[in-house]
Amino acid sequence: MAPDLLWTLIAFFLTILVLSYVLGDNALFRFIMMVFVGISAGYAAVLIYYQVLLPRLIIPLMTVPAPGKAVFIIPAVLGILLLFKLSPRLSALGNPSMALLTGVGAAVAVGGAVTGTLFGQISGAISPFDLAGVQGGGSWITQLLGGIVLLGGTVCSLAYFHFGARKKDDENTGSQPVLIQIPARIGQVFIAITLGALFAGVLSAALAALIERLAFLINVIKPLIS
Amino acid sequence: MSEIICPFCGAENPIEAVACFNCKKQLYDDVDPDASPPPRDEMEWLKDFRGFADDRSAGTIKATEADQSSETGETTTGDEESDVPEWLARIRALKEDETPAPAEEEPVEPEELPAYLGNEAELPDWIKEIKQGDVPQPLEEAGGDMPEWLKNMAGPDELPAAEDITPDLSMISPESGAEGGIQLPDIPYDLPGEEPAEVDLGQFTPLTDDTVDEAVDIPDDLFEAIASQPEPEQPPEPTSAESQDDLDWLDTDITQPEPTEIKEEQLTDSGDLPEWMFEPAETEADTVPEPGELDFTTLDASLAAIDGENMPAAQSEAALPDWLLEDEAENFANQAEFQSEGAPNLEVGEMPGWLHAMRPLEAAAPELASPMDENRVEPTGPLAGYQGLLPGEGVVTQYSRPPVYSARMQVTDKQRIYATLFETLIVDETRVGAPPAEKSTTPQLVLRMSVGLVLIGVILMALIFNPGLAASPTLVPPESVVFYDTLQNLTAAATPPRVLVGLDYEPSLSGELSTIAASVVEDWMAGNSGLAFVSLNLSGPALADDLVNKAGARVPAYLAAERVINLGYLPGGATALAALAADPTRAAPASVDGIQAWNSLLLQGMVAVSDFDAIVLLTDNTENTRAWIEQVKPAVGSTPLLVVSSAQAAPALQPYVQSGQISGMISGFTGGAAYEQLTQAQNGSIRSYWDAYQAGMLLIAAFMLLGSLGFGIMNIFRRTKKA
């Protein structure tokens, strides 16, 4: 038996076991879930060792001359300290590593969000109003309306997430001003459409995955039948 | 003093009265009955009397001594006599007439003699005889038939010296001794002003005298019997001037008994001694004190022996061991201290009624135990003979049952009404109702299975039969068009493009993404593009190999071994992307095969991400895609960023497409079908799935519609039923 055929049969039966969830939660489905978790963890460990630790830490520590080893000793020490997080009593020793990871990650994320997303999205919201650069051969009216809808949807969606309220003297509870309430209601519609689109995308992606698996099953069975 | 008592009839008269209103006799001898009573300030006798009383109340020793000396006829100073009123002078004169002339012997100094010795009227007869020179001869000289025990007691050879018989006060603190620690009842020396340091045997000498005279109450027949005894061999010199020494023989008898030589026969031969006198001698024979040691217990026993009523106690004390006797001596000293310090004239406190009502001692202690008699001697049992023990039998007999209190709560009618009302309020809360019937999950299970099976059946039918009913999309999204145009422009160039492919999707969605990406990768391969794969997922390298294998199978002419390099997993997420944008040669130095990637033929000469002709991102994750846009896109400049995304990530990535940060994008099967429509691919993977995809989407839409209608109708019926 060729290895490809063996792996194909294994994939076939595993796919059948996963699809057994249609009949409800069962032992076969739970078994195959555990198999997937185990395989994923083992694969990740092997991959990290061979693609991260070995080429980027261990080999340099053993091969690089002494002056350059300090560059690799520091992450090695920090990595060892991070292992102390496994012990509740000694977890404090891993705090420096965690502090480094958190600090660097936050700095990178914030810097990227400001320059990549905030400025980029502001520029994208303004661009439809640049009638000089009408794209796609459409009319400027269409682009302008699209820009207005886009801008209005953005503002209204942001207004929906404005939870501040001003308290009046004769009322125990505060209420939002009218200038906030109306855009918030409109923004609620935009948000509902967005969530519907996301749900449709998830459903479409799941359906595509199901189709691909069913096509695989058919492709496995069809040669056997014919 | 506001009244005058008549000396004749005893009637009380006002102080102004001159004659008694009862007997009509003159109250004053030298007062004229016709004269009016003298004014109050002219009553010198009363002033003197008051002054005399004040002096006595002051309690000064000098006043007392002066008074005593005046009573004993001693001379006073001229000033004192001048101050003496007339009536007192008459009294003194009368006393002087009645008092016999003092003896020729040297008078005893007041400081050395007790006060009572100076008052002859208070002296007993035998002491008066001593003072008058009728000194009783020693028994030996007097009778010659003095009993042997008495001889031994009084024998000078056997008597220790005075300093030797000084009482051992070591076990009594000086303070206690000074303040009456040695409590001898009514000892004349126990006067104020006596220094404790001056306590010596001489101070105890009058003890016998005083004890005999006042406290101990020795019967007269005892003295007579003693006086009738023969004189001892060396009796003390009975000089009236040294009356203190006159009693040394008796003191010696008390302090230095010689019980070992006392014979009962001797005592019985003495004749007149009472019978109980023999018993102390027998008990003393058991405890022989050391010479020179003042044994208080012996003293106490001797005194008790004289008193016929305390004879049993004396016997028991004599039988006590030495250590217990020492404790008893301490108790004796403590009692004396207490009596000397205590204020005997304190009035007994009277508890008010309200305070007594607040202290219902009878409720807590039904019967107070009777005070323990410290002098009680245990008559029976192993502790027989001990004194001051707790009376066990008495406590048992005095015990009474504690009062029984009712545990029943006494409430008023109002409180009972409130309790009943409260009970009615909480009775419903405490009642456990029947659990609601568990809804059967069978309909839901059947419905879910039906939906799944129907969906799977429809898809299978579409895949198997592939009817081709679904038309290809005619409307192509602009981002898909940009994607296609960019790819075509790059592959149409003379130099094959080198593309950095970021593979960032999970294996669970590889069925969708690998199908879409396969068409794109095939086109890149068809243009002999160089592909460098890098992944932020652990499964990325494996998925990249699978994708290359799938796409390469359709492009046989493409040399994947030379034109494809897998840089593998890039750990660190957004930080790794920032490092990759800054220096890709250090961020991903080697391929999964261990080859130095940046020295390979494909990537030779590239030092930055911007050196790539395009960056293609295969993703199903919005967050990772945004990280690519935020970290890598600013570094690549004008290099196009093309995205092949899953349908679930497309709505979140659309704003970046709108802003131009993503140059072109293909999302989901719809985007893939549009891309294949643009490329005019005849055997595209997406096209084979398109019918099934459209059927499945239609069925899902139908299920959603039917489900919404069904639940809507059920709600309507439910509301109608409730109404």
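Everything below is about the structure shown above.
Bear in mind the structure is a predicted one, so any value in this text is a computation, not a measurement. (Residues numbered from 1 in each chain as written. Chains lettered and ligands numbered in written order. Predicted model: local features only at pLDDT ≥ 70, side-chain atom pairs only at ≥ 80, totals over all residues.)

Novice: Please explain the overall build of chain A as it appears in this structure.
Specialist: Across its full length, chain A carries six helices and zero strands. Ordered by position from N to C terminus, the α and β elements of chain A give α-α-α-α-α-α. Counting the 226 residues in chain A, one finds 8% classified as buried. Considering only contacts in chain A between residues 6 or more positions apart, those separated by 24 or more positions represent 32%. (Helix = DSSP H or I, 4+ residues; strand = E, 2+ residues; numbered from the N terminus. Buried ≥ 20, exposed ≤ 12 C-beta atoms within 10 Å, placed from the backbone. Contact = placed C-beta atoms within 7 Å.)

Novice: Just checking my understanding: could you explain the interface of chain B and chain A for this structure?
Specialist: Accessible area lost upon the coming together of the parts is a frequently used measure of interface size. Taken together, the contact between chain B and chain A spans 51 residues of the former and 40 residues of the latter. Among the secondary structure elements, those contributing two or more residues to the side of chain B that touches chain A are helix H23 (442-465), helix H25 (510-526), strand S5 (564-569), helix H28 (574-582), helix H30 (622-636), helix H31 (650-659), helix H32 (668-679) and helix H33 (685-722) of chain B. Per-element accounting of the side of chain B that touches chain A gives the leading share, nine residues, to H23(B). Looking at the side of chain B that touches chain A, its residues break down into 31 nonpolar, 16 polar and four charged. (Nonpolar A, V, L, I, M, F, W, Y, C, P; charged D, E, K, R; others polar.)

Novice: Looking at this structure, I do not really get unusual backbone geometry. What am I missing?
Specialist: Most of the time, phi is negative for any residue but glycine, and the peptide bond is trans. Residue and element names in this part refer to chain B. Even without being glycine, Asn466 reaches a positive phi, approximately 45°. Locating Asn466 in the fold gives a position in the loop between H23 and helix H24 (478-491). Of note, the phi angle at Asn528 is positive, near 55°, even though the residue is not glycine. Inspection of the secondary structure assignment puts Asn528 in the loop between H25 and strand S4 (530-535).

Novice: I tried to follow the packing of helix H4 (residues 95-126) of chain A against H28(B) on my own but got confused; where do I start?
Specialist: Working note: a packed helix pair is described by the angle between its axes plus the distance between those axes. Where H4(A) contacts H28(B), the two axes come as close as 9 Å, and the packing angle between them is 65°. The pairing of H4(A) with H28(B) is recorded here as roughly perpendicular in orientation. For the crossing formed where H4(A) meets H28(B), the hand is left-handed. Across from A:Val104, A:Gly105, A:Val108, A:Ala109 and A:Gly112 in H4(A), the residues of H28(B) making contact are B:Ala574, B:Thr575 and B:Ala578. A per-class count over the contact of H4(A) with H28(B) returns five nonpolar, three polar and no charged. (Axes fitted to C-alpha atoms, helices over the stretch in contact; angles between N-to-C directions. Parallel < 35°, antiparallel > 145°, perpendicular 65-115°, else oblique. Left-handed = near helix turned anticlockwise from the far one by under 90°.)

Novice: Could you clarify how one ought to interpret the sheet that holds strand S3 (residues 498-504) of chain B in this entry?
Specialist: Hydrogen bonds along the backbone pair up the strands of a sheet, which may run parallel or antiparallel. All names here are of chain B. The strand order across the open sheet formed by six strands is S5-S4-S3-S6-S7-S8, and the pairing between neighbours is parallel. Edge positions in the open sheet fall to S5 and strand S8 (664-667), since each of these has one partner strand only. For this sheet, the mean angle separating the axes of adjacent strands, direction not counted, is 15°. Set on the sheet, H30 makes contact with S3, strand S6 (614-619) and strand S7 (641-645); between it and S6 the angle comes to about 175°. (Pairing = 2+ DSSP bridges.)

Novice: Where do I start with the pairing of S4(B) in this structure?
Specialist: Side chains on a regular strand alternate between the two faces of the sheet. All names here are of chain B. With six of its six residues buried, S4 lies for the most part within the structure. Summarising the sheet, S3 and S4 pair through six bridges and their orientation is parallel. Counted as the bridge partner of Leu503 is Ser535 from S4. Taking the sense of rotation as the criterion, the β-α-β connection linking S3, H25 and S4 turns out right-handed. (Right-handed = clockwise from strand over helix to strand, strands pointing away.)

Novice: Explain the packing of helix H6 (residues 178-225) of chain A against H25(B) here, please?
Specialist: Where H6(A) meets H25(B), the closest approach of the two axes is 7 Å, and the angle between their N-to-C directions is 80°. On the basis of their axis angle, the class for H6(A) and H25(B) is roughly perpendicular. Contacts from A:Ala205, A:Ala208, A:Ala209, A:Glu212 and A:Arg213 in H6(A) reach B:Gly511, B:Glu512 and B:Thr515 in H25(B). Here the contact of H6(A) with H25(B) is composed, by residue class, of three nonpolar, two polar and three charged.

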